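Structure assessment
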Amino acid sequence: LRASYAPYRSEAGEAEGMVLLLQDITEHEKLEKMRKEFVANVSHELKTPLTTIKSYTETMLEGSIDDPAMEQRFLKVINDEADRMTRLVRELLQLSNLDYQQMKWEPQPVNLRALMEKVLRNLDQPLQQKQHQVTYDPPEQPLITFGDQDAIEQVILNLFSNAIKYTPDGGNLHLYLEREQAAISLTIQDNGIGIPSQDLPRVFERFYRVDKARSREMGGTGLGLSIARQIVEAHGGSIHLYSREGKGTRVVMRLPLYSGEETSEKEAVAQP
Ligand code: ADP
């Protein structure tokens, strides 16, 4: 708590009292600490792939590799690391846009049943590759929410990709899309590696990963869940994650059910 004070004077200039100002600076300090940690994290995350790229490139430039297969392996590492950096920079820009509410969203009614079908088609290859079994019973109704279709699609992709990534080959994934009174819930359940209970409260933090090496190996940035949560909350929804180490994870996203009243974001914002 910071206190500052000044005398309060009458028109004639006589001191009549005191104005005391008490400011809560703990919140300010907390934000400052978070900002510093974020910058440190970003620098570290960008430096790691750069170090790898640099050392592999230098080795190749020395000309000491005469095995073409080895050369290919080196090039693949360099390429993968460059891809990860690109993804990282793209996600950082997205977070910054979310923070400053500068997303170029086009809110409209979004049919979640159709969007689920699309995501399932897009993830067909990794699903096949890991030989996961997916069970999904689409709802009879289309289930419409209101928001930016691309942003919502990205959230589902992030959550679904995590279930695929963090479940060993031949896993079982269950999807549920259901109406709950005024909301729509989307549940993705896997029987993968799960998350230890002590890490669970932190997985939505930027850059937080249970196993850095494993996430990195899979091309992860540690930003997927934090971006997902921010997008969903901006749409008036919520995300909850339940998990047991070694058993699996269930993530539930809820979005408001569209009742057909909204017209466009511009009009909604213009109202007092
Ligand atoms: P990443 O790019 O590392 O996947 P995310 O923000 O998407 O980053 O997730 C953060 C961390 O939460 C992951 O590194 C992983 O440790 C854990 N996690 C997320 N989803 C799952 C899941 N379905 N099963 C197990 N762990 C998960």
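Residues numbered from 1 in each chain as written. Predicted model: local features only at pLDDT ≥ 70, side-chain atom pairs only at ≥ 80, totals over all residues. Heavy atoms only, no water.

If you check an unreviewed UniProt entry, the protein appears there as histidine kinase from Anoxynatronum buryatiense.

Below, the discussion takes up unusual backbone geometry. One non-glycine residue, Gln131, adopts positive backbone phi at about 55 degrees. Its location among the elements puts Gln131 in the loop between helix H4 (124-129) and strand S4 (133-136). By relative accessible area, Gln131 is classed as exposed at 57%. (Helix = DSSP H or I, 4+ residues; strand = E, 2+ residues; numbered from the N terminus. Buried < 20%, exposed > 50% of the residue type's maximum accessible area, 1.4 Å probe, protein only.)

Right, let's talk about the site of the ligand for a bit. Near the ligand, the surroundings consist of 19 residues, among which Asn162, Tyr166, Ser215, Thr221 and Leu225 are the closest. Between the ligand and Lys165 there is a distance of 3.0 Å, counted from an oxygen atom to a side-chain nitrogen or oxygen. Take Gly224: an N or O atom from its main chain is 3.2 Å from an oxygen atom of the ligand. Looking at the shell around the ligand, the elements with two or more residues in it are helix H5 (149-165) and helix H7 (224-234). A per-element tally of the shell around the ligand places H5 first, with three residues. Across the shell around the ligand, the residue classes break down as eight nonpolar, eight polar and three charged. (Near = heavy atom within 4 Å. Polar contact = N/O pair within 3.5 Å; in protein donor to acceptor, adjacent residues only side chain to side chain. Nonpolar A, V, L, I, M, F, W, Y, C, P; charged D, E, K, R; others polar.)

A few words on the layout of surface pockets. If a probe the size of a water molecule is rolled over the atoms, the empty space left behind becomes visible. Estimated volume of the second largest pocket: approximately 780 Å³. For the second largest pocket, the lining is made up of 26 residues, of which Met34, Arg35, Glu37, Phe38 and Arg206 are closest to its centre. Mapped by element, the contributors of at least two residues to the lining of the second largest pocket are helix H1 (26-61), helix H2 (68-99) and H7. Sorting elements by how many residues they give to the lining of the second largest pocket places H1 first, with nine residues. Considered class by class, the residues forming the lining of the second largest pocket number 10 nonpolar, five polar and 11 charged. (1 Å grid on protein atoms, 1.4 Å probe; cavity = no way out; pocket = protein on both sides within 12 Å on 5 of 7 lines; lining within 4 Å. Points joined across faces, edges and corners; volume = space filled by probe spheres on them.)

Throughout the structure, instances matching the rule amount to one cavity of 30 Å³ or more. Of the volumes computed, that of the largest cavity is approximately 30 Å³. Around the largest cavity, the lining residues are Glu45, Pro49, Arg84, Met85, Leu88 and Thr221. Put simply, the parts of the chain that give the lining of the largest cavity at least two residues each are H1 and H2. Among the elements that take part in the lining of the largest cavity, H2 stands out by supplying three residues, more than any other.

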